[in-house]
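So the chains spell out like this:
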Amino acid sequence: MISFQPSEEQGQIIDMVRRFAADIVRPNARDCEEDKAIPDDLLAKFWELGLIANSIPEDCGGYGFERSAVTGALISEELAYGDLALALAMLSPTLFAYPILEMGTEEQKKKYLPGFCGETFKFATSALMEARVTFDPTDVKAQARREGAEYVLNGEKCLVPFADRADLFLVFAATAPGTGAPGIEGYIVEKGTEGLQVGEREKYMGLNALPLYRVALAECKVPLENRLGGPGGCDFQRILNLSRISWTAMATGVCNATKDYAANYAKERVQFGEPIASRQAIAFMLADMAIETDAMRFLAWKAAWLADRREDCTREAYLAKLYAGEYAARITDNGVQVLGGHGYIREHPVELWFRNGRGIEIIDGLAIV
Amino acid sequence: MIDFELPPALKMVKDFAHGVARDTFRPIARKYDEEEHTTAEEIAFMGPIMAQRSSERRKKPKKDADEPKKPRAETEDRIGAIMSTVVGSEEFSWGDAGLLLAIPGNGLGNAAIAAVATPEQEERFAGKFAAMAITEPGSGSDSGSISTTAVLDGDEWVINGEKIFVTDGKQCDIVVVWATVDKSAGKAGIKSFVVEKDRPGVTVTKLEHKMGIRASDTASIVFEDVRIPKDNILGSPEVKTKTEGFKGVMKTFDNTRPIVGSMALGIARAALEFTKEKLEEEGFQFRYGLNKCRLGAIEREVLVMESELEAMRLLIWRAAWMGDNGRANAMEASMSKAKAGRMGSEITRRCVALLGPMGYSREWLVEKWARDCKINDIYEGTQQIQQLVVARNLLGYSRAQLK
């Protein structure tokens, strides 16, 4: 049955996250960007919403609601409407928790998931991206080789959120080069493990509020049971798909924020004796922003809906993110354009959204639904 | 509950339409592109099927009215006529959009009658092929400025004026004509009337030679002192001070725009599927998942177009779903048509280029699809009109605030 109506329960979650994004996220976004840091009390306030514990089973300490990629997409969009960097930061514990929840062995779930149901924000992360021009998530250069009762990890990762504070890392590495997604597995590396080296904090065009680090693995040894999913391994393609869905949903949030901000500005900004929104040149840009933002949202929903049905959504998730990357860059660019010179000034958020929006096309991982 | 599964009844519609498109439309698509203004006898069998379907649809509400009304849960969604039509149109258009328009009984006028006619009128005009006559030589996008008149004389309306670009104007049995009953009332004076083609004073004066959708005729019709019964008016004859009457006529567009969008979608899908197939025969690969710098230029172009097709379909489905569930969808209907009209044209044009001289050649249908698809960005409101509708809704602006 075709429907574009979120369930009543999802509606309540949307309302809650939307309020949080308006009251807490957006008002702090600029300061966090300029300070290049997120105060702990913001993360604590997000933690109080209980969104992550919601989807963790009761026997692991959570609230045991059904985990849904569609719900995850709805949350991702609303948070990113507030700010993309803060959304990524607040949801960063899911980078570790959700793959364990979906694909972990019983022991892994029992051992790690209760940590995400506590009172305080749980710093945990994952490491996928690598700093090279031709990086592709299905062709990672980080290697895992088995030696007796251990896996030995080697490689260099970039764009690892909160690597300075994370207790737990999920590191993606290939058992043999060039085998694509099926050859990539996740390895649980605890903080302090020998050979896990947290490097310099990275500097990017945008997303400055989010602490992103280089992480090196030098003969880093983890026990066999630390492989995500145990001997059977994980479904890395699915992790990648869930990540692409999240990015598409977050892109939708950024674009929707841009569209709303630009529309309000255009209605107030008077030139030639009337609001600039009264001119088709501006109004039509806004119309296109609205059309593409909605399309992006539904592409995320469609892929998420397939993922929830446990159907292969590789194609849909990839196309959704391809679309989101392309249009988010265009829409956030137009956001600056509608505001003209004022859009270029850091007093307005559109320049920040332009810089953040540019990352959407490029980054894989770093978010998951 | 967010859901994208076609219910069984819609799957049947889709399969049926696809079968007709593949087995009947495609094989004769080129023939009627070359032989413009020839009626395609091969699709005559569709007439009774369409009539049957619309009569089933007419009977349905009556049956429901007899049954005690069950309270509908908020999450329970209706799949109605619009969704069913957009799903069907995508498939038929995948076969041939011109032939879809030429299916007897499938005219825009039929959609208008279904939307606003009284039960008595529905019975009277059942089984008739109804065209829609809005555009005039001096009134295109500004359909509020039409000058065809309807004057009440005793028990009859007298219609005078000239209509152009009437889709199926030659082939149809009846025409839904937009005319003003009071020019001084502006838009409020515009009403629609059902005019039987065989009334004295109705003359088809011209058949257009078009760039595409040639299987469907496009006619000019002159109405000269044409007398029709008083109750051939659709909706109320009363002229209200505001523009309510006109808004009523305009409301049909909320239902037809997603359908036009689905026609663009069907044609573009045909072109992209065909293009991919031919490129694959030449050794091109299309892989889902690679980083930008590892994709080939053509591979990337095709994948981006695929994502556009998905986006078009979802915007169309959303507008149709809203319409079927009684939600105001003027903005969403325009969004779907703006997107589908524009991207349909773009995709089909790019496909021509991707196949080089073979794409441009009339040996294959790709060049025809590019010609056929363009109209969807024009009729039922041009791209720019759709953007106006979207922008006004988005900004909360009146016509005066955003011209």
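Each chain carries its own residue numbering, running from 1 in the written order of its sequence. Chains and ligands are labelled sequentially in the order written, the chains with letters from A and the ligands with numbers from 1. Only residues with pLDDT of 70 or above have their local features reported here, since the model is predicted, and side-chain atom pairs are shown and tallied only from 80 upward, although totals for entire chains, interfaces and linings are computed over all residues. Based on all heavy atoms of the structure, the side-chain values leave hydrogens and waters out of the count.

Visitor: Just give me the short version of the overall build of chain A, but keep the residues and values in it.
Guide: Here a helix means four or more residues in a row that DSSP labels H or I, a strand means two or more in a row labelled E, and each is numbered from the N terminus. Per the secondary structure count, chain A includes eleven helices and ten strands. The globule rule used for comparison is 2.2 Å times the number of residues to the exponent 0.38, while the radius of gyration itself is calculated over C-alpha atoms. At 20 Å, chain A has a C-alpha radius of gyration in line with the 21 Å of a compact globule built from 369 residues. Its C-alpha atoms put chain A at 80 × 45 × 40 Å along the principal axes. Looking at chain A as a whole, 65% of its 369 residues are labelled buried. The contacts in chain A between residues at least 6 apart in sequence include a share of 75% that link residues at least 24 apart. Only protein chains enter the calculation, and the probe is 1.4 Å; a residue is then buried if its accessible area is under 20% of its type maximum, exposed if over 50%, and partly exposed in between. Here a residue-residue contact requires only that any non-hydrogen atoms of the pair lie within 4.5 Å.

Visitor: Pulling in residues and values, what's your account of the overall build of chain B?
Guide: Counting its regular elements, chain B contains eleven helices and nine strands. In summary, chain B has a C-alpha radius of gyration of 22 Å against a globular reference of 22 Å for 403 residues, a match within 12%. Overall, the C-alpha framework of chain B stretches about 75 × 50 × 45 Å when taken along its three principal axes. If you take every contact in chain B between residues at least 6 apart in sequence, the share linking residues at least 24 apart comes to 74%. Under the convention used here, a 1.4 Å probe and the Shrake-Rupley method define accessible areas, while residue burial counts only the protein chains that appear. For chain B, the accessible surface area stands at approximately 17300 Å², while carbon and sulfur atoms represent 54% of it. Of the charged side chains in chain B, 58 are positive and 60 negative, and the gap between their average positions amounts to 4 Å. His is not counted, nor are the chain ends; Lys and Arg add positive charge and Asp and Glu add negative charge. We put the charge of a Lys on NZ, of an Arg on CZ, of an Asp on CG and of a Glu on CD.

Visitor: An account of the environment of G115 of chain A is requested, with residue identities and associated values reported.
Guide: In this fold, G115 of chain A is placed in the loop between α7 (106–112) and β2 (124–127). Each C-alpha atom, one on G115 of chain A and one on A21 of chain A, is 25 Å from the other, the two residues being 94 residues apart in sequence.

Visitor: How would you summarise the domain arrangement of chain B if you had to cite specific residues and measurements?
Guide: Residues and elements named next belong to chain B. Boundaries between domains were set according to an automatic or database domain assignment. For chain B, the assigned domains are domain 1 (8–116), domain 2 (129–234) and domain 3 (244–395). Its C-alpha centre places domain 1 at a distance of 20 Å from the equivalent point of domain 3. The partner domain 3 presents 31 residues to the 31 residues of domain 1 that form the contact. Roughly 2500 Å² is buried in total at the junction of domain 1 and domain 3, and carbon and sulfur atoms are behind 56% of that figure. Each reported salt bridge corresponds to a side-chain nitrogen of Lys or Arg within 4 Å of a carboxyl oxygen of Asp or Glu. Inspection of the domain 1/domain 3 interface yields seven salt bridges. E90 is the partner of R313 in a salt bridge, and the nearest nitrogen-oxygen pair spans 2.8 Å. At the level of elements, α1 (8–34), α3 (81–102) and α4 (108–116) are the ones that each hand at least two residues to the side of domain 1 that touches domain 3. Examining the composition of the side of domain 1 that touches domain 3, we find that 15 residues originate from one element, α3, more than from any other. Looking at the side of domain 1 that touches domain 3 residue by residue, the classes come out as 15 nonpolar, five polar and eleven charged. Each of two parts loses accessible area, computed with a 1.4 Å probe, when they are put together; buried area is these two losses added. When residues are grouped by polarity, Ala, Val, Leu, Ile, Met, Phe, Trp, Tyr, Cys and Pro land in nonpolar, Asp, Glu, Lys and Arg in charged, and all others, Gly among them, in polar.

Visitor: Outline the pairing of strand β5 (residues 174–180) of chain B, supporting the account with residue identities and numerical values.
Guide: Residues and elements named next belong to chain B. The buried fraction of β5 amounts to seven of the seven residues, a majority that puts the element mostly inside the structure. Of the two faces of β5, the one lined by I174, V176, W178 and T180 and the one lined by V175, V177 and A179 are each fully buried. Strands qualify as paired when DSSP identifies two bridges or more between them. Direction of pairing for strand β2 (residues 130–133) relative to β5: parallel, over a ladder of four bridges. Bridge pairing links A130 to I174 in β5. Here β5 pairs with strand β6 (residues 190–196) via seven bridges, running antiparallel. Bridge assignment links V176 to a residue of β6, and that residue is V194.

Visitor: Tell me what's going on with the side chain of Q10 of chain A, and back it up with residues and numbers.
Guide: Note that Q10 of chain A resides in helix α1 (residues 8–35). With sequence-adjacent residues up to four places away left out, Q10 of chain A is seen in contact with S68, V70, T71 and L74 of chain A together with I2 of chain B.

Visitor: Can you break down the interface of chain A and chain B residue by residue, with the values?
Guide: Contact residues are listed per partner, giving 50 residues for chain A and 50 residues for chain B. Across the interface of chain A and chain B, roughly 4800 Å² is buried in total on both sides, 62% from carbon and sulfur atoms. For the interface between chain A and chain B, the tally reads twelve salt bridges. Between R318 of chain B and D294 of chain A there is a salt bridge, with the nearest N and O atoms lying 2.8 Å from each other. The term polar contact refers here to a pair of N or O atoms within 3.5 Å; inside protein, the definition further demands a hydrogen-donor-capable atom paired with an acceptor-capable atom, and it admits residues adjacent in sequence only when both atoms are side-chain atoms. In this structure, the connection of chain A to chain B is made through 28 residue pairs in polar contact (both at pLDDT 80 or more). At the level of secondary structure, the elements contributing two or more residues to the side of chain A that touches chain B comprise β1 (2–3), α4 (69–82), α8 (236–268), α9 (280–308) and α10 (314–339) of chain A. Broken down by element, the side of chain A that touches chain B gets its largest block of residues, 16 residues, from α9 of chain A. Within the side of chain A that touches chain B, the residues separate by chemical class into 27 nonpolar, nine polar and 14 charged. Strand direction decides the pairing type here: β1 of chain A and strand β1 (residues 3–4) of chain B, joined by two bridges, are antiparallel. Residue pairing for β1 of chain B: S3 of chain A is matched across the bridge by D3 of chain B.

Visitor: Any details on the state of the cysteines? Residues and values, ideally.
Guide: Disulfides are defined as pairs of cysteine sulfur atoms found within 2.5 Å of each other. Evaluated as defined, the whole model comprises zero disulfides over all chains. Residue C60 of chain A stays outside any disulfide, its sulfur separated by 7.4 Å from that of C117 of chain A, the closest cysteine. A disulfide-free cysteine, C373 of chain B has its sulfur positioned 10 Å from the sulfur of C351 of chain B, the nearest such atom. Classification of C373 of chain B by relative accessible area gives buried; the value is 0%.

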